[in-house]
Amino acid sequence: MWLKPEEVLLKNALKLWVTQKSSCYFILQRRRGHGEGGGRLTGRLVGALDAVLDSNARVAPFRILLQVPGSQVYSPIACGELLSGSDVYWAIATGATLEEINQHWDWLEQNLLHTLSVFDNKDDIASFVKGKVKALIAEETSSRLAEQEEEPEKFREALVKFEARFNFPEAEKLVTYYSCCCWKGRVPRQGWLYLSINHLCFYSFFLGKELKLVVPWVDIQKLERTSNVFLTDTIRITTQNKERDFSMFLNLDEVFKIMEQLADVTLRRLLDNEVFDLDPDLQEPSQITKRDLEARAQNEFFRAFFRLPRQERLHAVVDCSLWTPFSRCHTMGRMFASDRYVCFASKEDGCCNVILPLREVVSIEKMEDTSLLPNPIIISIRSKMAFQFIELKDRESLVEGLLVRLKQVHANRPVHYDTSQDEDMSREQIKISLWNDHFVEYGRTVCMFRTEKIRKLVAMGIPESLRGKLWLLFSDAVTDLASHPGYYGNLVEESMGKCCLVTEEIERDLHRSLPEHPAFQNETGIAALRRVLTAYAHRNPKIGYCQSMNILTSVLLLYAKEEEAFWLLVAVCERMLPDYFNHRVIGAQVDQSVFEELIKEHLPELAEHMNDLSALASISLSWFLTLFLSIMPLESAVSVVDCFFYDGIKAIFQLGLAVLEANAQGLCSSKDDGQALMVLSRFLDHVKNEDSPGPPIGSHHAFFADDQEPYPGTDIADLIRDSYEKFGDQSVEQIEHLRCKHRIRVLQGHEDTTKQNVLRVVIPEVSILPEDLEELYDLFKREHMMSCYWEQPRPMAPRHDPSRPYAEQYRIDARQFAHLFQLVSPWTCGAHTEILAERTFRLLDDNMDHLIEFKAFVSCLDVMYNGEMNEKIKLLYRLHIPPALTENDRDSQSPLKNPLLSTSRPLVFGKSNGDATDYQKQLKQMIKDLAKEKDKTEKELPKMSQREFIQFCKTLYSMFHEDPEENDLYQAIATVTTLLLQIGEVGQRSSSSGSCSQECGEELRASALFPEQDSVFADASPGRTAQDSQTFPEEAEGDWTVSLEHILASLLTEQSLVNFFEKPLDIKSKLENAKINQYSLKTLEMSRQSQPELKLGNL
């Protein structure tokens, strides 16, 4: 297998290797001790050395070295891991067997050996070999991607067309493609839809017209299935400005799911990396395939359906039937086998579900295959129950995989189990007896059969004595509890006593958590709450502590022991309510958006009356964040929590709909949001629990504790029953689909909010029009995104960080700034543009973190486009003094740098003597004025040295290139440059005579510039004496400098220069061109980077 060339160092490594073959350029070596008869001791010693020195503890036994004649450097081009040392090697491939390394050797002999003799330079030989091997790696990568698709040849052909048509960098990998129509108004365009890791692309060539469409996934604001006048089913892509419809797919369901997955993965990777941990299989976007996306979708459904940890990875999904003793028959369904679980879901929704943690499993056995019981297996658990599965396809490999994972779980997590059953059921006898009968028939552990019957029992309300235990079983927190003995205690020890922002927030909220409950009116309850919250914040610093966690944890502590409450909190925050408790509560906002859609579907009249459902969403947000605990009496709210632990978020959705339906009339008659809030709050505060054995406890946020008029109450059992009967038809799959759909909208909403807040700050400070600022912001953000698409993350260019202030969420580095500068700056200087961009970036990078924000970028552009002439000259001046201009500036090797220019050799102006006299008076007066008038309100800029001045002049010359008035501008700048050189030289001479007064200095300057025989503005006379030519000896001279005032005053003397800097500039045309060329410029840059390697590979 060829490896990417990597330079490594070796020292004394040849003692560990034996040469097998050699040629004039290559040496094939075998690891000493490998394959030697009787050499076992040697092999063990070398292996031990490898294990000590090499982090991977494995070194390939064969390698090939590149030996360049006349060089002491060897390059392994087919080798394994290398030791560190002094000689430089290039690791390019690995050989595990003699046959494999011989294949590499034969290829080198046949394809490279004779070609290398044509090179004269040893460096060219090494570069050539590396280029060829890189080309082989690229070819192998493309082949592997193609082999993963159903039709490799067709996929390869589509990949070639995709690359040719859209000219993306090589890092933009194609995932899949489809034939379809793209609608433009009422006209369909037949073509090909290409779905890549970062873009949706469409290509059509019809009747001589070519259509190319490129939409970044990160720009998509809505992705939905809809219909138009002509077709009943289309896929609609909505971006900021356009809607596009695609139709006529052979399998529209498949296409839509793949598009949903790609949009979801890309948006969460680029915009929601605050807490989103990408699947391990999708960590490298360039390796994503269609099969990976389908597997990811299945994994997410599996974890959501059974509410399992995010880390759980699905291994197999097989159709089967499970023996259900309560119905005395086999129930058809599907088995899901993952890292630590075996789960079953019946085909009939809600009929029967089973979750079997492998830690509970004792044995997995194959039974005899019969006609009545085809391909059966028995899974036995610790509570002396057995589950019989039949009709399993590929039973052998399934059981083998299950046994391997079972062994691993028991080896890694030895746990002591308590199989005793709690018989102390003295309270709420009727409910307890019903649950006891259910336990006997369906099981009482986490492995119980979960049927419609248990859902009805939960809806009736779980008995107080069983509530904590059943919460642990339903959430599977009991598995975490048993699998991590001592974990909570260690967390408490590590976290307690530490003071930070999180602990301060926890302390502030401790006494606000159920203050009306006796358990939290003493230090014992408060201390337990403090320990649980602090321990969880220490376990998961990404979440830390969020408001509403205190209320939830308080209720958990009422019904569970402290350690059990901790693991219940883990289950809620990390599995059952993902992304709810973080900086932006994205998960809660997504569910609010889903809730709005469910309202429109189930309660259309209410939705029609309330035009803006976001008002309802702001009210219902606390329902989801606190599971109704903060807005309903506690004895009623715990029944809601019962349903939540059994059915997940579905229970909250349907209960919310039931609450809205019960108050539909009052909501429809309400005149504003405040009145609607009062209607709902009043209703929820009077939801009572007739079966509660304890005294009633009001809600934490009771709005109407002192009602003047009695309000009719509603029993929580009736409300829950109505919610299941009227709104319980939503499946987990439907909810997950809606979440995926609305996550796009929510994330894009946050992006819009960020954009509007940044623009709100920037607009008052610049003269650029708001609509142009929006375009600039989009270009700025797209430049950041393109680097995320195709470049390896650089330390100085971090990804989008939504936790930062709005203005700092998107920042660009020097390379990205150079691209934007080239696209939108009016100061284009040909080849000099890139150097000017580097200096501008250094000037704007105030804090020296190598990143700049949008505000700094726009402020600079505003001066270039809309600034007064003095502001523009000042900016140019600052770009040619430190810190913008450095000693290591790329243009430091300019021939203008050394030697410095001098006016000791007079420069000639084609002026008559009369003109020269007037010019002398003008310059003399100018110097006097500049000496007297200085702007004292602004910090004076440092003076410019001669080297910096020459760079300043060079920039001006470059800016004037291709200007309509180019000749006039060149003549004017020549005049000004000469004038300024002479001013600087006069200052240099006068500074050397420190005894002169200011007046003497001025007269000296004037007399030096304008003697009777003018040595500056006329040719030097051949008859001049040495004394005349050495009026100011070099040894007496000081530093040559000019100031901003000198430069500005000199430029003002030339009308053509004034016209150039004061002419109006059109930013709109620049923005239009930038939008068109931004991608192509990035692609061109990346192709230039790889061009040398490609040329070598094509030889």
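Everything numeric in this text was worked out from a predicted model, so none of it was measured.

Reading the values: rules and limits
- Residues numbered from 1 in each chain as written.
- Predicted model: local features only at pLDDT ≥ 70, side-chain atom pairs only at ≥ 80, totals over all residues.
- Heavy atoms only, no water.
- Helix = DSSP H or I, 4+ residues; strand = E, 2+ residues; numbered from the N terminus.
- Buried < 20%, exposed > 50% of the residue type's maximum accessible area, 1.4 Å probe, protein only.
- Contact = heavy atoms within 4.5 Å.
- Areas by Shrake-Rupley, 256 points an atom, 1.4 Å probe, with all protein chains shown as cover.
- Lys, Arg positive; Asp, Glu negative; His and termini not counted.
- Salt bridge = Lys/Arg side-chain N within 4 Å of Asp/Glu carboxyl O.
- Polar contact = N/O pair within 3.5 Å; in protein donor to acceptor, adjacent residues only side chain to side chain.
- Phe/Tyr/Trp six-rings, centres within 6.5 Å; stacked < 30°, edge-to-face > 60°.
- Lys NZ or Arg CZ within 6 Å of the ring centre and 35° of its normal.
- Pairing = 2+ DSSP bridges.
- Core = buried A, V, L, I, M, F, W, Y, C linked by side-chain atoms within 4.5 Å.
- pLDDT = per-residue confidence, 0-100.
- Axes fitted to C-alpha atoms, helices over the stretch in contact; angles between N-to-C directions.
- Patch = residues over 30% accessible without salt bridge, like charges linked within 9 Å, V, L, I, M, F, W, Y side chains within 5 Å.
- Parallel < 35°, antiparallel > 145°, perpendicular 65-115°, else oblique.
- Left-handed = near helix turned anticlockwise from the far one by under 90°.
- Nonpolar A, V, L, I, M, F, W, Y, C, P; charged D, E, K, R; others polar.
- Arc of directions from axis to C-beta.
- Expected span 1.5 Å × (residues − 1).
- Disulfide = S-S within 2.5 Å.

## Looking at the overall build of the protein
When helices and strands are counted, the protein shows 38 helices and 27 strands. Out of the 1099 residues in the protein, the part that is buried amounts to 52%. Counting only contacts in the protein whose residues sit at least 6 apart along the sequence, the fraction spanning at least 24 positions is 67%. Within the structure as shown, the protein displays about 52500 Å² of accessible surface, and the carbon and sulfur contribution to it stands at 50%.

## A look at the side chain of E783
Looking at the secondary structure, you find E783 in helix α26 (residues 770–790). It is K1082 that comes nearest to the buried, bridge-free E783 among opposite-charge side chains, at 4.4 Å. In this structure the side chain of E783 is engaged in a polar contact, spanning 2.8 Å, whose partner is the side chain of H819.

## Some remarks on the pattern of salt bridges
Note on pairing: side chains with opposite charge can pair once their charged atoms come close. Evaluation of the coordinates by the stated rule reveals 41 salt bridges. With a closest N to O distance of 3.1 Å, K755 and D778 form a salt bridge. Placement of the pair is K755 in helix α25 (residues 732–762) and D778 in helix α26, with a sequence separation of 23 residues. Pair check on accessibility: K755 and D778 agree, each one buried.

## Comments concerning the packing of aromatic side chains
The description of an aromatic ring pair uses the distance of the two centres, along with the angle that the planes make with each other. All chains considered together, the criterion is met by 49 aromatic pairs. Measuring from ring centre to ring centre gives 5.5 Å for F306 and F336, while their planes differ by 65°; the resulting arrangement is edge-to-face. Of this pair, F306 sits in helix α6 (residues 290–306) while F336 sits in strand β15 (residues 329–338); the two residues are 30 residues apart in sequence, bridging distant segments of the chain. Judged by its relative accessible area of 2%, F336 falls in the buried class. These aromatic residues form a ring-pair network of at least three members: F162, F166, F168, Y194, Y789, W790 and Y1079. Here the guanidinium or amino end of R225 rests over the ring plane of F256, the centre of that ring lying 6.0 Å away. Across from the ring centre of Y559, 5.1 Å away, lies the NZ or CZ of R467, which sits over that ring.

## Here we look at the pairing of strand β10 (residues 209–216)
Side-chain direction in a regular strand flips from residue to residue, so the side chains alternate between the two faces of the sheet. Bridge count for strand β9 (residues 199–206) against β10 is eight bridges, and the pairing is antiparallel. Considered in β10, the bridge of F202 is made with L213.

## A short note on the environment of I258
Locating I258 in the fold gives a position in helix α5 (residues 252–271). Each C-alpha atom, one on I258 and one on L195, is 8.6 Å from the other, the two residues being 63 residues apart in sequence. Among residues more than four places away in sequence, those in contact with I258 are T176, Y178, L195, K290, L293 and E294.

## Digging into the nonpolar core
Nonpolar side chains tend to gather and get buried jointly when the protein is soluble and globular. Core analysis: the largest hydrophobic core is formed by 258 residues, its most contacted members being F389, W623, F854, F857 and F949. When neighbours within four sequence positions are excluded, F389 is seen to be in contact with C320, S321, L322, M335, F344, L356, N375, P376, I377 and I379. Ranked by size, the runner-up nonpolar core spans 17 residues in total, among them F26, I101, W105 and V133.

## Concerning the pairing of strand β7 (residues 174–184)
In terms of burial, β7 is a largely internal element, nine of the 11 residues being buried. Between β7 and strand β8 (residues 187–196), which pair antiparallel one after the other, the connecting turn spans two residues, and G185 there sits at a positive phi close to 70°. With three bridges connecting them, β7 and strand β13 (residues 243–247) associate as antiparallel partners. The residue of β13 that forms the bridge with C182 is F246.

## A word on the confidence of the model for the protein
Averaged over every residue, the pLDDT of the protein is 80; residues scoring 70 or more account for 77%. In this model residues 79–87 is a low-confidence stretch, pLDDT under 50, and it forms 41 contacts with partners more than four residues away in sequence or in other chains. Across residues 700–707, where pLDDT falls below 50, the model places 18 contacts with residues more than four positions away in sequence or in other chains.

## Focus on the sheet that holds β7
Taken in spatial order, the seven strands of this open sheet run β10-β9-β8-β7-β13-β12-β11, and their pairing is antiparallel. At either end of the open sheet lies a strand with only one pairing partner, and these are β10 and β11 (222–226). Taking each pair of neighbouring strands and ignoring which way they run, the sheet shows an average axis angle of 30°. Bridge analysis of β7 against β8 gives 10 bridges, and the strand direction is antiparallel. Residue pairing in the sheet places W183 in a bridge with P188 of β8. The strands touched by α5 within the sheet are β7, β8, β9, β11 and β12 (234–238), with β11 carrying the most contacts at an inclination of about 170°.

## Side note on the sheet that holds β15
Spatially, β18-β19-β20-β14-β15-β16-β17-β21 is the arrangement adopted by the eight strands of the open sheet, whose pairing is antiparallel. Here the strands that pair on one side only, and so sit at the sheet edges, are β18 (361–366) and β21 (450–451). With five bridges joining them, strand β16 (residues 341–346) and strand β17 (residues 352–357) adopt antiparallel strand pairing. Note on β17: the bridge partner recorded for C343 is I355.

## Observations regarding a nonpolar patch on the surface
On the surface, a cluster of nonpolar side chains totalling about 290 Å² of accessible area is made up of I430, L434 and M460. The residue I430 is located in helix α8 (residues 429–442) in this model.

## Digging into unusual backbone geometry
Cis peptide bonds are those with omega within 30 degrees of zero, and the linkage from P882 to P883 qualifies with 5°. With respect to the helices and strands, the residue P883 is situated in the loop between α30 (869–878) and α31 (913–932). Its identity as a non-glycine residue notwithstanding, E962 has a phi of 70°, on the positive side. Positionally, E962 belongs in the loop between α32 (946–960) and α33 (966–992).

## Some points on the packing of α26 against helix α27 (residues 814–824)
The geometry of α26 relative to α27 is characterised by a closest axis approach of 10 Å and an angle of 140° between their N-to-C directions. The angle between the axes of α26 and α27 places the two elements in the oblique class. Relative to α27, α26 is oriented so that their crossing is right-handed. From α26, L776, L779, F780, E783, H784 and S787 reach across to α27, where they touch Q816, H819, L820 and V824. A breakdown of the residues in the contact of α26 with α27 according to their chemical character gives five nonpolar, four polar and one charged.

## Concerning the environment of N1077
Looking at the secondary structure, you find N1077 in helix α38 (residues 1067–1098). With a relative accessible area of 34%, N1077 lands in the partly exposed category. Separated by 254 residues in the primary sequence, N1077 and L823 have C-alpha atoms spaced 7.8 Å apart.

## Considerations on the side chain of D476
Within the secondary structure layout, D476 lies in the loop between α10 (464–475) and α11 (477–483). Here D476 is buried and forms no salt bridge, its nearest opposite-charge partner R575 lying at an N-O distance of 4.9 Å. D476 has contacts with L308, Y341, P357, V446 and R575, leaving out every residue within four places of it along the chain.

## Remarks on helix α13 (residues 501–510)
Residue pairs spaced three or four apart in an α-helix point in one direction, given the helix's 3.6 residues per turn. Along α13, the residues that are buried comprise T503, I506, D509 and L510. Buried residues of α13, viewed axially, fall in a sector of 130°; they line one side. In this fold, the buried residues of α13 make contact with α14 (523–539) and α15 (549–559).

## Let's talk about helix α20 (residues 634–647)
Given a rise of 1.5 Å per residue, 14 residues ought to cover 20 Å, and the 20 Å separating the end C-alpha atoms of α20 matches this to within 8%. In the stretch just after α20, G648 is the one whose phi turns positive, near 75°.

## Here's the deal with the state of the cysteines
Taken as a whole and judged by the stated rule, the model has zero disulfides. Of all cysteine sulfurs in the structure, the one in C352 sits closest to C351, which takes part in no disulfide; the separation is 6.1 Å.

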